[in-house]
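# Per-entry structural report
Now for the letters of each chain:
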Amino acid sequence: MSASVRGRVWIFGDDVDTDAMAPWNTISSPWEERRAAILRARPEFVTRVQPGDLIVAGRNFGCGSSREHAPENLKLLGLGGVLAESFGRIYFRNCVAIAFPNLACPGIHAACADGDDVEFDVRTGLARNHTRGVELAAPPWTPDMVEILAQGGLLEVLRRRIEAARAGASR
Amino acid sequence: MPVPMTMAEKILARASGRARAGAGEYVTARADKVMAHEAFVLCALKLLQLGIERVFDPERVIVILDHYFPAPTERMAQGHKLARELVEKFGIRHFLGHAGICHQVLTERGLVLPGELVFGTDSHSTTYGAVGAAGNGIGITEMTWVLATGELWLRVPPTIRFELEGALPAGLMSKDVVLHLAGRFGTEVAQYRAIEFGGPVANALSLASRMTMANMGIELGAKFAFFAADTATCAYLASRARVEVKPFGPDADASYEAVHRADVSALEPQIACPHSPGNVKPVSAVAGTPVHQAFLGSCTNARLEDLAVAAEILRGRQVHPRTRLIVTPASHAVMLEATRRGYVETLLEAGAHVTASGCGACPGGHNGVVGAGETCLSTTNRNFRGRMGSADALVYLGSPASVAAAAVAGEIVDPRTLWTGAVPVLDADARSAA
């Protein structure tokens, strides 16, 4: 996974919770049902979102449950990543674990509008709104988090660790 | 001189094999206990895909089926069947079946002890802070990693302390206190931070009442939400765990990012209004709101003392014709003791519907999903739009007393019009049924 993503922005507000990203009664359902239920507060979002698009949100994005279906749903939609003023911490950890770039970037919500062309890099913490010529600097991910992203998520790190151990044992 | 540490720092230092862990440092910490509910199936399948057929330590892993029990659909029934097979395959030592809601059952069986680090596949794992344990909710990928390795990277969180002063007024419960904190300080006050609850009000609370507040620590954003484990907590756990349990708390001069003082002596019962646990008002501001469903359940509030208060309010009264009252005890053991004490009979006589223990209606699963245009007053922890069913329902959160009183009145009402007692301390009586 690349640490840097660029795409067209969808704006969401404060306190977008994990139930809104993945309602409980859909989390074990087939993908089409799961997909239709994502962030229904903006009904046009799931019908018009394009691969590589980004979400820019307000405070406390992903508050609530530990359900990983929340970031997983956004990733499966093809979203490139999320910029928010702040994140619910379990949601954010789940993003790192599944290799989904999300960056807490204070000031970003006021600096973007729907459809803007925005780029960010979790390794540097830089976010750029190309449409408006605005650049913001946020705290970057730690090197360990960037490495998990680069390897494609925590399970890929685990798989490689196991393979390395087995290769070592058979040598 | 050793540097004084908060509860979070002490636990993460020990769990990562260091003399000291300061706020802001990253550590790799070893889990003392690991709890997975139905999510265990997804984790176990991922382990098998990776060719891993054992967990790091089957003695430290606890699996329980609570979110979808009794199975509401054929798909869930199949999921439970698979869970039982995978529990056997991995040799999980503590399979708790369907004994109730995870956090309640682990506590009442003494499976989580003061000073321990606990990872759970549930955001309300902060509940373990009520016994002085660092309980932390994680997703299934991180849980898969923990089940394989026994450890996880964590940033040592700064701690904020709530000093709860004065005395809890008659007719109020710890739920009112934690809702007050959410309303006054906001749902991000403890984001990326640990909480310690202290002061005379915290110290006087029963363990069950502490669990309610630690449980809702996550609604304040918290990574952990602690009470110091005092002698009463230790005695409770020792009788269940059958091991020696020692008090555990912060060092005297530990360093806090912030100390917030709240005097609760003049507090009114508190209600969180749609659609956020932080949208909190005194009950007088929302009294008269018609209630279609009153729900007393969830890991937040359905313990023995909660059912005792509800029974006291409903004794000799009837649930209002407009309202359905659904009671889902926090565990099978709670249900059994509440039955022995006559609380269940009192509730049933009043017209309440008592269900099997489990998460039930709280996440909108089953046993009380709400429809469009309906209003629910609930003892649960979250009232996000659509959380309990329809996105066009209105969910309010309150104490068990507020819920029981609303069930009688058919509308939100100050519970002190029906009850001005004190919450009974019944911790020692809430024996495990097993």
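Residues numbered from 1 in each chain as written. Chains lettered and ligands numbered in written order. Predicted model: local features only at pLDDT ≥ 70, side-chain atom pairs only at ≥ 80, totals over all residues.

## Remarks on the overall build of chain B
Stated precisely, the cut-off is as follows: Only DSSP runs of H or I covering at least 4 residues are called helices, and only runs of E covering at least 2 are called strands; the numbering of each starts at the N terminus. Atoms counted for the radius of gyration: C-alpha only. Globule rule: 2.2 Å times the number of residues to the power 0.38. Think of it as a crowd count around each C-beta: if 20 or more other C-beta atoms lie within 10 Å the residue is buried, if 12 or fewer it is exposed, and in between it is partly exposed, with C-beta placed from the backbone throughout. We call two residues in contact if the C-beta atoms placed from their backbones are at most 7 Å apart.
Of regular secondary structure, chain B possesses 14 helices and 18 strands. Expected size for 434 residues packed as a compact globule is a radius of gyration near 22 Å; at 21 Å, chain B falls within 12% of this value. Reported as C-alpha extents along the three principal axes, the dimensions of chain B are approximately 55 × 55 × 40 Å. For chain B, the proportion of its 434 residues judged to be buried stands at 61%. Pairs at least 24 apart in sequence give 78% of the contacts found in chain B among residues at least 6 apart.

## Here we look at the overall build of chain A
On a plain count of helices and strands, chain A comes out with seven helices and seven strands. Order of helices (α) and strands (β) in chain A, N terminus to C terminus: β-α-α-α-β-α-β-α-β-β-β-β-α-α. Relative to the compact-globule value of 16 Å for 171 residues, chain A shows a C-alpha radius of gyration of 17 Å, a close match. With respect to the three principal axes, the spread of C-alpha positions in chain A is 55 × 40 × 25 Å. Across the 171 residues in chain A, those meeting the buried criterion constitute 49%.

## Quick look at the packing of helix α2 (residues 40-49) of chain B against helix α5 (residues 140-149) of chain B
Packed helix pairs are specified by the crossing angle of their axes together with the interaxial distance, meaning the distance between the axes. Residue and element names in this part refer to chain B. Selection rule: Between N-to-C directions, angles span 0 to 180 degrees; the directions come from axes that are lines fitted to C-alpha atoms, helices contributing only their stretch in contact. Every angle not falling under 35 degrees, over 145, or within 65 to 115 is termed oblique; those three ranges are roughly parallel, roughly antiparallel and roughly perpendicular. Take the far helix as the reference: if the near one is turned anticlockwise from it by less than a right angle, the crossing is left-handed, and if turned clockwise, right-handed. Each residue gets one of three labels, nonpolar for Ala, Val, Leu, Ile, Met, Phe, Trp, Tyr, Cys and Pro, charged for Asp, Glu, Lys and Arg, and polar for the others, Gly among them.
As a packed pair, α2 and α5 sit with axes 9 Å apart at the nearest point and diverge in direction by 60°. As the angle between them shows, α2 and α5 are arranged oblique. Pair α2 / α5 crosses with right-handed handedness. Judged by residue contacts, Leu-42, Cys-43, Lys-46 and Leu-47 of α2 engage Ile-140, Met-143, Thr-144, Leu-147 and Ala-148 from α5. In terms of residue class, the contact of α2 with α5 is built from seven nonpolar, one polar and one charged.

## Regarding the domain arrangement of chain B
Interface size is commonly expressed as the accessible surface area that is lost when the partners come together. Residues and elements named next belong to chain B. Spelled out, the test is: Delimitation of the domains relies on an automatic or database domain assignment.
Per the domain assignment, the segments making up chain B are domain 1 (7-262) and domain 2 (270-429). Look at where the C-alpha atoms of domain 1 and domain 2 centre, and you get two points 24 Å apart. At the interface, 35 residues of domain 1 touch 41 residues of domain 2. Sorting the residues of the side of domain 1 that touches domain 2 by element identifies α4 (102-108), α6 (174-185) and α8 (207-215) as the ones contributing at least two each. A total of six residues in the side of domain 1 that touches domain 2 trace back to one element, the largest contributor, which is α6. Taken together, the residues that form the side of domain 1 that touches domain 2 break down as 15 nonpolar, 15 polar and five charged.

## Notes on the sheet that holds strand β4 (residues 94-95) of chain B
Adjacent strands of a sheet pair through backbone hydrogen bonds, lying either parallel or antiparallel. Residue and element names in this part refer to chain B. Which entries qualify depends on this criterion: Pairing between strands requires that DSSP locate at least two bridges from one strand to the other.
Pairing within the open sheet is parallel, and its five strands lie in the order β4-β3-β2-β5-β6. Bordering the open sheet on either side are β4 and β6 (134-137), each of which pairs with just one other strand. Pairing between strand β2 (residues 33-36) and strand β3 (residues 61-63): three bridges, direction parallel. The partner of Val-34 across the bridge, within β3, is Val-61. Strands in contact with α5 are β2, β3 and β5 (117-120); relative to β2, the strand with the most contacts, it is inclined by about 135°.

## A look at the environment of Val280(B)
All names here are of chain B. Examined against the element boundaries, Val-280 turns out to sit in strand β13 (residues 280-282). As for Val-280 and Ser-298, which are separated by 18 residues in sequence, their C-alpha atoms are 19 Å apart. Excluding anything up to four places from it in sequence, Val-280 contacts Leu-179, His-180, Ala-182, Gly-183, Gln-270, Ile-271 and Ala-272.

## Remarks on the interface of chain A and chain B
Residue-level contacts link 31 residues of chain A with 34 residues of chain B. Elements that contribute at least two residues to the side of chain A that touches chain B include exactly α1 (18-21), α5 (89-97) and α7 (154-170) of chain A. Of the residues that constitute the side of chain A that touches chain B, the class distribution is 11 nonpolar, 10 polar and 10 charged.

## Thoughts on the confidence of the model for chain B
Rule in force here: Each residue carries a pLDDT value, the predictor's own confidence for that position, ranging from 0 to 100.
On average, chain B scores 97 in pLDDT, and the residues at 70 or more come to 99%. With a pTM of 0.97, the predicted complex shows an ipTM of 0.97.

## Quick word on the packing of α6(B) against α8(B)
Residue and element names in this part refer to chain B. Packing of α6 against α8 leaves a shortest axis separation of 9 Å and a crossing angle of 20°. Classed by the angle they form, the pair α6 and α8 counts as roughly parallel. The two elements α6 and α8 meet at a crossing, and its hand is right-handed. Mapping the contact onto sequence places Ser-174, Lys-175, Val-177 and Val-178 in α6 and Ser-209, Thr-212 and Met-213 in α8. Its residues assigned to classes, the contact of α6 with α8 comprises three nonpolar, three polar and one charged.

## A few points about the sheet that holds strand β10 (residues 224-227) of chain B
Residue and element names in this part refer to chain B. One open sheet accounts for four strands, arranged β10-β9-β8-β11; its pairing is parallel. Either end of the sheet is taken by a strand with one partner, and the two such strands are β10 and β11 (258-263). Across the sheet, the axes of successive neighbouring strands diverge by a mean angle of 20°, strand direction being ignored. Looking at chain direction, strand β9 (residues 194-198) and β10 are connected through four bridges and run parallel. Bridge pairing links Ile-195 to Ala-225 in β10.

## Examining the pairing of strand β14 (residues 293-296) of chain B
Residues and elements named next belong to chain B. Burial along β14 is two-sided: the residues Gln-293 and Phe-295 and Ala-294 and Leu-296 are all buried. Summarising the sheet, β14 and strand β15 (residues 324-327) pair through four bridges and their orientation is parallel. If you follow Leu-296 over to β15, its bridge partner there is Val-327. Pairing of β14 with strand β17 (residues 375-378), which is carried by three bridges, proceeds in the parallel orientation. Across the sheet, residue Gln-293 finds its bridge partner in β17, namely Cys-376.

## Looking at the nonpolar core
Rules: Working definition: the nonpolar core is a set of buried Ala, Val, Leu, Ile, Met, Phe, Trp, Tyr and Cys residues, joined through C-beta atoms within 7 Å.
Counting residues in hydrophobic clusters, the biggest one holds 208 residues, and the most contacted among them are Leu83(A), Cys43(B), Ile195(B), Leu347(B), Ala404(B) and Ala406(B). Counting contributing residues per domain, this core is built from domain 1 (7-262) and domain 2 (270-429) of chain B, each supplying no fewer than three. With sequence-adjacent residues up to four places away left out, Leu347(B) is seen in contact with Ala310(B), Ala311(B), Leu314(B), Val327(B), Ala352(B) and Val354(B).

## Focus: the pairing of strand β7 (residues 134-137) of chain A
Residue and element names in this part refer to chain A. Alignment of strand β6 (residues 126-129) against β7, held across four bridges, turns out to be antiparallel. When the bridges of β7 are listed, Ala-127 appears paired with Leu-136. Between β6 and the antiparallel strand that follows it, β7, lie four residues; Gly-133 among them carries a positive phi value of about 65°.

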